[in-house]
Amino acid sequence: MKVLITGSAGFIGSNLTDALLALGHQVVGVDNLSTGQLDFLNEARVHPNFQFHQLDLLDEASLTKVMTGGIQYVFHLAANADVRFGLNHPRRDTEQNLLATQNLLEAMRSVGVNRIAFASTGSVYGESSAIPTPEDAPFPIQTSLYGASKIAAEALIS
């Protein structure tokens, strides 16, 4: 299977990359390297079934171009996860979490990919009245822009 991993140079993305390559899959990694590190992909970058593209998911045209050629499944791990400073840079969460997801979904639609695994966060549960919080709990009060942008991305995907 040929897969695309967004956020492939992050901790989780790089480990997923290595695991999928070990299983014999072809992996196309995408990362803007704002927090990801190429060093995490040292082994993958020499693997014949791996391609890496440094690009921002806000560049929908480039993303679509990278996705042509047989991508069958997308693992969407890319995000701005700086929860603590979200209020200092509110646009960053909206752009890197919500708009980037919208661009990814549009690129997927344009090349005919319809399978996605999305890494959300427990932050979508915000300040819940029920602890532990079941998935069918009433909609929580959001406590971060990060959580709000991730739940909005979930809505776009659904």
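Please refer to the structure placed before this passage.
The numbering scheme is per chain: residues are counted from 1 as the chain's sequence reads. Residues qualify for local features only when their pLDDT is at least 70, as the model is predicted, and side-chain atom pairs are given and counted only at 80 or more; totals for whole chains, interfaces and linings, by contrast, use all residues. In computing side-chain properties, one takes all heavy atoms of the structure into account and sets aside hydrogens as well as water.

Colleague: Please set out the pattern of salt bridges residue by residue, giving values where relevant.
Modeller: Basic side-chain nitrogens of Lys or Arg form a salt bridge, by our definition, when they fall within 4 Å of a carboxyl oxygen of Asp or Glu. Counting across every chain of the model gives two salt bridges. Measuring nitrogen to oxygen at the nearest pair gives 3.9 Å for the salt bridge that ties Glu95 to Arg91. Taken together, the positions of Glu95 and Arg91, both in helix α4 (residues 90–111) and four residues apart, correspond to about one turn of that helix. Here Glu106 and Arg109 are joined by a salt bridge, their closest N and O atoms 2.4 Å apart. Separated by three residues within a single helix, Glu106 and Arg109 lie in helix α4, roughly one turn from each other. Runs of H or I in DSSP of at least four residues are treated as helices and runs of E of at least two as strands, each being numbered from the N terminus.

Colleague: Before we move on, could you go through helix α5 (residues 145–157) and cite the residues and values that matter?
Modeller: One fewer than the residue count of a helix, multiplied by 1.5 Å, yields its expected span. A rise of 1.5 Å per residue sets the reference length of α5, with its 13 residues, at 18 Å; its end C-alpha atoms lie 18 Å apart and thus fit the reference within 8%. When accessible area is computed with a 1.4 Å probe and restricted to protein chains, residues below 20% of their type maximum are described as buried, those above 50% as exposed, and intermediate ones as partly exposed. Of the residues making up α5, those classed as buried are Tyr146, Gly147, Ser149, Lys150, Ile151 and Ala153.

Colleague: A description of the side chain of Ser14 should follow, citing residues and the corresponding values.
Modeller: Residue placement: Ser14 occurs in helix α1 (residues 11–22). For Ser14, a relative accessible area of 5% corresponds to the buried category. In protein, a polar contact means a hydrogen-donor-capable atom and an acceptor-capable atom, both N or O and within 3.5 Å, with residues adjacent in sequence counting only if both atoms are side-chain atoms; elsewhere, any N or O pair within 3.5 Å suffices. A distance of 2.8 Å separates a polar side-chain atom of Ser14 from the backbone oxygen of Gly10. Throughout, a contact is declared for two residues whenever any of their heavy atoms are within 4.5 Å. When sequence neighbours within four positions are dropped, the list of residues in contact with Ser14 reads Ser8, Phe40 and Leu41.

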